[in-house]
Amino acid sequence: MMRPPGRPFILALACTLLATACTAARTPAPYTQDEVRQRAAEDRRDMYLDQEPVDHPITFYEAAARALKYNLDYRLKLMESSLARKLVDVTQHEMLPKLVASAGYTARSNDSGGVSVGIQDGQISLRPSTSEQRYHRLADLDLTWSTLDFLVAYERTQQKADQVLMAEERRRKVVQNVLQDVRNAYWRALGAQRLIGQVDALLDKVNAGLKNAQEAEEKGYLPRAQALAYQRALLDAVSLLSSRRQDLELARAELAALMSLPPGMKYTLADTPEPAMPADTFDIGALEQAALENRPEVMEEWYRKRVSDNDIKIAKAELWPSVSIDLGGHYDSNAYLYNNAWAAIGLRVSYNLFNLLKIPALNATQDSQNKVSDMRRLSLSMAVLTQVRVAAQRYHLAREQLDFADRSMKVDGRMRDFAEASARVSADSKLEFIRADARWLLAQYQRYAAYSEAQAAWGRLYNSVGLDVMPDAIAGHDVATLAAGIEATLQGWEQQTFQPPPPPLPEADATQGATPVPAARVASAAGPGPDPAPDQAEATQKP
């Protein structure tokens, strides 16, 4: 027979537990300055860890690939999506039966024992006896399965699966936003790279021109009003050039941050010919339909409705009767037992009759919840359609602004050539040449700015439709392979989605009472040139 543990052991165990509780309850110590410094250094190292080196000029698609591969926001969304999938795996295990193994030891300070008392006379008929040892061991293995637990776990698994899809839609949105940000910054940064050197040289010329103009004014070579007007024009040009230069230089820093390049790292953009802007003769109705089918926000809201509906399903599942099946094997070292080991099986059915009172309230809640979810999705869909129309209009206006900037740059270029030719034969024309040169460089800045705005407007239109950026399957995850996949995906969507509206039916095939379409509108629907007329642009807005 086993002896119980002594009192010294029990006292020592109690003191140990008390000391542990007091230690755990004490006020936590803050991090030391050395620990904070080490954590900051490790974070800076991890932010730029395992990046492919920049050993050649970066193209637009390579910039997008680097942004998507190394952008911390995108990597965070990938981790959230992976976490949601793991939570589904955890919830699936809740549908399995519970298999519980337990073992223990029990001790009493005295014998349990008992006597037998007569019912009629109350006389003790047996002397006190016991059938349980003071000290014995227990071991159990129980298998339990409940229909109620299974139904609740099943609905929660479906809910977690929908939350995985919601996380995937949020990841798609981050990808689309990253591409739009890269598109906004890349072309401005490329314009800065092309013009920074020219601006520095021109600023030296302008400073020399201002000095010469002041000397001409002081010596009377030029009328004072003409000299002051000339200086004012140069100062205005310098102010505008400095402002544009700041905007474009900031674009390089923004692009470097999007690509997660270390601060201060030098990089060069590929000075390739600018791709032509897509025509703005697309079918607005088709774009709106594509947006309602593809926008991540709309899809996430749709999945959220299923998640909310599963909450009601879980509440309804808890109203069903609970059927529990128990299987178990047991062992007791009590020497007084006839059978120390035995198996048991049990079946239990339970139901709370008051659950019936919840059914009308749950049905009403489900109906109201579905209406709220549908209205929220419809409101979001209306906002999406508005974004598509506004983005299409902005793109049309940006193309017009780009065309105007092109013409202005050409005119300023011709004026500069004329001023340069005059400066070769007349010393008085040198100052005018400097002013014309400054105006021409400013026109180049404005043209690059207009082109970057057109690219940004195109990116907003692409983003408003909710089209994916990367293909479903990628051969590799290096920058070159990602860039090729992004380029193929974007070009495929542009050819498939951004198509001109179908031409109207000929008058002979039109239904009776239809209004004839003017010839100009037909030409617009067939696809005008790079500079559509205002009435043609209006026709494209009415699919």
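Up top you'll find the structure we're talking about.
Since this is a predicted model, take the numbers as computed values, not measurements.

The residue Ser-260 is not glycine, and still its phi comes out positive at about 60 degrees. Mapped onto the elements, Ser-260 comes out in the loop between helix H6 (224–258) and helix H7 (284–294).

The next point concerns the environment of Val-388. Tracing the backbone through its elements, the reader meets Val-388 in helix H9 (residues 359–425). Placed 75 residues apart in sequence, Val-388 and Asn-463 show a C-alpha to C-alpha distance of 8.9 Å. Discounting residues that sit within four places of it in the chain, Val-388 has contacts with Leu-287, Glu-288, Ala-291, Leu-461 and Ser-464.

Moving on, we come to the side chain of Gln-366. With respect to the element layout, Gln-366 can be found in helix H9. Its relative accessible area of 17% is what places Gln-366 among the buried residues. Ignoring sequence-local partners within four residues, the contact set of Gln-366 consists of Asp-309, Ile-312 and Lys-316.

Inspection of the secondary structure assignment puts Gln-180 in helix H5 (residues 147–219). By relative accessible area, Gln-180 is classed as buried at 14%. A polar atom in the side chain of Gln-180 sits 2.5 Å from the side chain of Asn-463. For Gln-180, the residues in contact, after removing those within four places along its chain, are Gly-459, Arg-460 and Asn-463.

Attention now goes to the nonpolar core. Counting residues in each nonpolar core, the largest one holds 59 residues, and the members touching the most others are Val-182, Tyr-186, Leu-255, Phe-282, Leu-461 and Phe-498. Put simply, the parts of the chain that give this core at least two residues each are helix H3 (60–70), H5, H6, H7, H9, helix H10 (429–465) and helix H11 (479–497). The leading source of residues in this core is H5, at ten residues. Once you skip the residues sitting within four places of it in the chain, Leu-255 turns out to touch Ala-63, Val-182, Ala-185, Tyr-186, Ala-189, Tyr-267 and Leu-269. Core analysis: the second largest hydrophobic core is formed by 19 residues, Leu-195, Leu-210, Tyr-230 and Ala-237 among them.

What counts, and at which threshold
Sequence order sets the numbering: in each chain, residues are counted from 1 along the sequence as written. Local features in a predicted model are, by the rule used here, given only for residues with pLDDT of at least 70; side-chain atom pairs are given and counted only at 80 or more, and totals for whole chains, interfaces and linings are based on all residues. Only hydrogens and water are set aside when side-chain values are computed; all heavy atoms of the structure are taken into account. In this text, helices come from DSSP runs of H or I with a minimum length of four residues, and strands from runs of E with a minimum of two, each type numbered from the N-terminal end. Contacts between residues were defined by any pair of non-hydrogen atoms, one from each residue, lying within 4.5 Å. Note on classification: 1.4 Å probe, protein chains only; a residue is buried when its accessible area is under 20% of the maximum for its type, exposed when over 50%, partly exposed between these limits. The term polar contact refers here to a pair of N or O atoms within 3.5 Å; inside protein, the definition further demands a hydrogen-donor-capable atom paired with an acceptor-capable atom, and it admits residues adjacent in sequence only when both atoms are side-chain atoms. We define a nonpolar core as any set of buried Ala, Val, Leu, Ile, Met, Phe, Trp, Tyr and Cys residues linked to one another through side-chain atoms lying within 4.5 Å.

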